[in-house]
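Observations on chain architecture
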Amino acid sequence: MPLPPLTRGGASMPRNDVLTGVDEGTSSSASAARRRRRGRMEFLTDAVMIGPALALVALFVLIPIAIAAYLSFTDWDGFTIPPSWIGTRNYERLLQDPEVFRAATYTGVIAVVGTLACNALGLGIALLLNRNSRVNTVMRVLVFSPYVIGPIILGFLWASILGTNGAVNSLLTSLGVDRVPFLADPTWAMVTTVLVIIWASFGLNVILYLAGLQTLDASLLEAATIDGAGPWATFWRVKLPVLAPTVTLNIVLAAIGLLRVYEIVLALTAGGPAGTTQTVVFTILTTSFSRSQLGYGAAQSVVLMIVIIVVTVALTQLRRRSEEAVSA
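So, here is what we can say about the structure in this document. (Residues numbered from 1 in each chain as written. Predicted model: local features only at pLDDT ≥ 70, side-chain atom pairs only at ≥ 80, totals over all residues. Heavy atoms only, no water.)

1. Regarding the overall build of the chain
From N to C terminus, the chain includes 12 helices and 2 strands. If you list the helices and strands of the chain from N to C, you get β-β-α-α-α-α-α-α-α-α-α-α-α-α. Sequence separation of 24 or more characterises 64% of the internal contacts of the chain that already satisfy a separation of 6 or more. Carbon and sulfur atoms make up 69% of the accessible area of the chain, which totals about 20,000 Å². (Helix = DSSP H or I, 4+ residues; strand = E, 2+ residues; numbered from the N terminus. Contact = heavy atoms within 4.5 Å. Areas by Shrake-Rupley, 256 points an atom, 1.4 Å probe, with all protein chains shown as cover.)

2. Examining helix 2 (residues 89-96)
For helix 2, the full list of buried residues reads N90, Y91 and L94. Angular distribution of buried residues about the axis of helix 2 spans 95 degrees; they occupy a single face of the element. Exposed side chains of helix 2 directed beyond 90 degrees from the buried face belong to R89, L95 and Q96. (Buried < 20%, exposed > 50% of the residue type's maximum accessible area, 1.4 Å probe, protein only. Arc of directions from axis to C-beta.)

3. Here's the deal with a positive patch on the surface
Taken together, the side chains of R34, R35, R36, R37, R38 and R40 make up a positively charged region of the molecular surface. Turning to its location among the elements, R38 is positioned in helix 1 (residues 15-71). (Patch = residues over 30% accessible without salt bridge, like charges linked within 9 Å, V, L, I, M, F, W, Y side chains within 5 Å. Salt bridge = Lys/Arg side-chain N within 4 Å of Asp/Glu carboxyl O. Lys, Arg positive; Asp, Glu negative; His and termini not counted. Charge placed at Lys NZ, Arg CZ, Asp CG, Glu CD.)

4. As for the side chain of N205
Considering the arrangement of structural elements, one finds N205 in helix 7 (residues 186-214). The residues touching N205, leaving out its near neighbours within four places in the chain, are C118, N119, G122, N250 and A254.

5. Some remarks on the pattern of salt bridges
Using the criterion set out here, one finds 1 salt bridge in the structure. Measuring nitrogen to oxygen at the nearest pair gives 3.0 Å for the salt bridge that ties R291 to E99. Note that R291 is positioned in the loop between helix 11 (280-290) and helix 12 (294-327) and E99 in helix 3 (residues 98-128), a separation of 192 residues in sequence. The class of E99 is buried, set by a relative accessible area of 17%.

6. What about the nonpolar core?
In terms of nonpolar packing, the biggest core is built from 39 residues, with I110, A126, I197, V206, I264 and L304 touching the most fellow members. Elements with a contribution of two residues or more to this core: helix 3, helix 5 (151-162), helix 7, helix 9 (231-259), helix 10 (263-268), helix 11 and helix 12. Here the element with the most residues in this core is helix 7; it accounts for 10 residues. Beyond its immediate chain neighbours, meaning those up to four positions away, I264 contacts P151, G155, V196, I197, A200 and T269. (Core = buried A, V, L, I, M, F, W, Y, C linked by side-chain atoms within 4.5 Å.)

7. Re the packing of aromatic side chains
A full pass over the atoms with the stated rule returns 8 aromatic pairs. Centre to centre, the rings of W158 and W199 are 5.4 Å apart; their planes meet at 80 degrees, and the pair counts as edge-to-face. Placement of W158 in helix 5 and of W199 in helix 7 is noted, with a sequence separation of 41 residues between them. Between Y262 and F282, the aromatic rings sit 5.9 Å apart at their centres with planes inclined by 45 degrees, giving tilted as the arrangement. Of this pair, Y262 sits in the loop between helix 9 and helix 10 while F282 sits in helix 11, and the two are 20 residues apart along the sequence. Accessibility expressed as a relative area gives 7% for F282, which makes it buried. By way of ring pairs, the aromatic residues Y70, F73, W85 and Y91 are connected into one cluster. Positioned above the aromatic ring of Y296, the side-chain terminus of R93 is 3.8 Å from the ring centre. (Phe/Tyr/Trp six-rings, centres within 6.5 Å; stacked < 30°, edge-to-face > 60°. Lys NZ or Arg CZ within 6 Å of the ring centre and 35° of its normal.)

8. Re the side chain of T115
Residue position: T115 is located in helix 3. On the basis of relative accessibility, which here comes to 9%, the residue T115 falls in the buried class. A distance of 2.5 Å separates a polar side-chain atom of T115 from the backbone oxygen of A111. Setting aside residues up to four positions removed in sequence, T115 forms contacts with I110, I251, A254, A255 and L258. (Polar contact = N/O pair within 3.5 Å; in protein donor to acceptor, adjacent residues only side chain to side chain.)

9. Section: helix 5
One turn of the α-helix equals 3.6 residues, which is why residues spaced by three or four share an orientation. Taking 1.5 Å of rise per residue, 12 residues should cover 16 Å, and helix 5 covers 16 Å from first to last C-alpha, within 8% of that figure. Among all positions of helix 5, only L154, G155 and L162 are buried. One side of helix 5 holds all its buried residues, which, seen down the axis, span an arc of 100 degrees. Pointing more than 90 degrees away from the buried face of helix 5 are the exposed residues I153 and F156. Where helix 5 is buried, its residues meet helix 4 (134-149), helix 6 (167-174), helix 7 and helix 10. (Expected span 1.5 Å × (residues − 1).)

10. Some remarks on the layout of surface pockets
Estimates place the volume of the largest pocket at around 500 Å³. Taken together, 24 residues form the lining of the largest pocket, with Y147, S201, G257, L258 and R260 sitting closest to its centre. Of all the secondary-structure elements, those providing two or more residues to the lining of the largest pocket are helix 4, helix 5, helix 7, helix 9 and helix 10. Broken down by class, the residue content of the lining of the largest pocket amounts to 17 nonpolar, 5 polar and 2 charged. Empty space within the second largest pocket amounts to approximately 370 Å³. (1 Å grid on protein atoms, 1.4 Å probe; cavity = no way out; pocket = protein on both sides within 12 Å on 5 of 7 lines; lining within 4 Å. Points joined across faces, edges and corners; volume = space filled by probe spheres on them. Nonpolar A, V, L, I, M, F, W, Y, C, P; charged D, E, K, R; others polar.)

11. What about a nonpolar patch on the surface?
Taken together, L56, V57, L59, F60, V61, L62, I63, I65 and I67 make up a surface patch of nonpolar side chains, about 810 Å² in accessible area. Structurally, the position occupied by V61 is in helix 1.

Shown next as structure tokens:
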């Protein structure tokens, strides 16, 4: 006996349309289920791949930052447990501490002068060493070697060269010339320390600028030459726009590194004479461990971290705007 036609909304509907609708509904449901399974598999794969990195970041970055932020509101001396909660007293003290202000001022000078000098030297030397030759290869190694050797070793090396009884002053004495107080006079020590830090740091900038120059298309230089552009116009109109991302990276890396400088100061002057060459990080470590004021040192660390974040974001935004202006 044939099945009667079904009706939908008062209209008859053929039996094969009903079966087709059922098949389409089943197919779409199966497809949705497959998409959900695929999405879950992709999520699990991403979690397995990213999970270890996130765990390491949490263990060695986020958790220490949280601990430092907590300790900054205590007067912990490194031994007393639990630390005594003192609220914002460390931050109030920090704003009135002349030693911190002096260290912050000197660190700011190092960061500004060093960032400009490292990028100017790095870009200039990279342009000179851009061509591939044996001499340039040797020069690249020599320029980059201070960055590889390590700041502590470099600090002791320059202390033996520029110290009161160092190689330079011994040579001057043998020639009948008065000693130069490179590390003994406050003004001389501040200038000497800045110059040594720049010398030890700009090698990385050279390598990064060389890498950026290697991405420059030779056809662009040929077109500029055909158009009659000189070396200066070629640099400003062709090379510099291509190097804009590298300039941003170099500025940010140099600023962050110089704000955190410590090892060279420790080995070269130990913060002297009379504390004139103390940097922020040097002051933080001295306060925390030499004076057993870890709570106060943690407050200084938190402020330094905030300053570095603000400087990084500000420099990135400024460079991005300038890049957009150049591209426009």
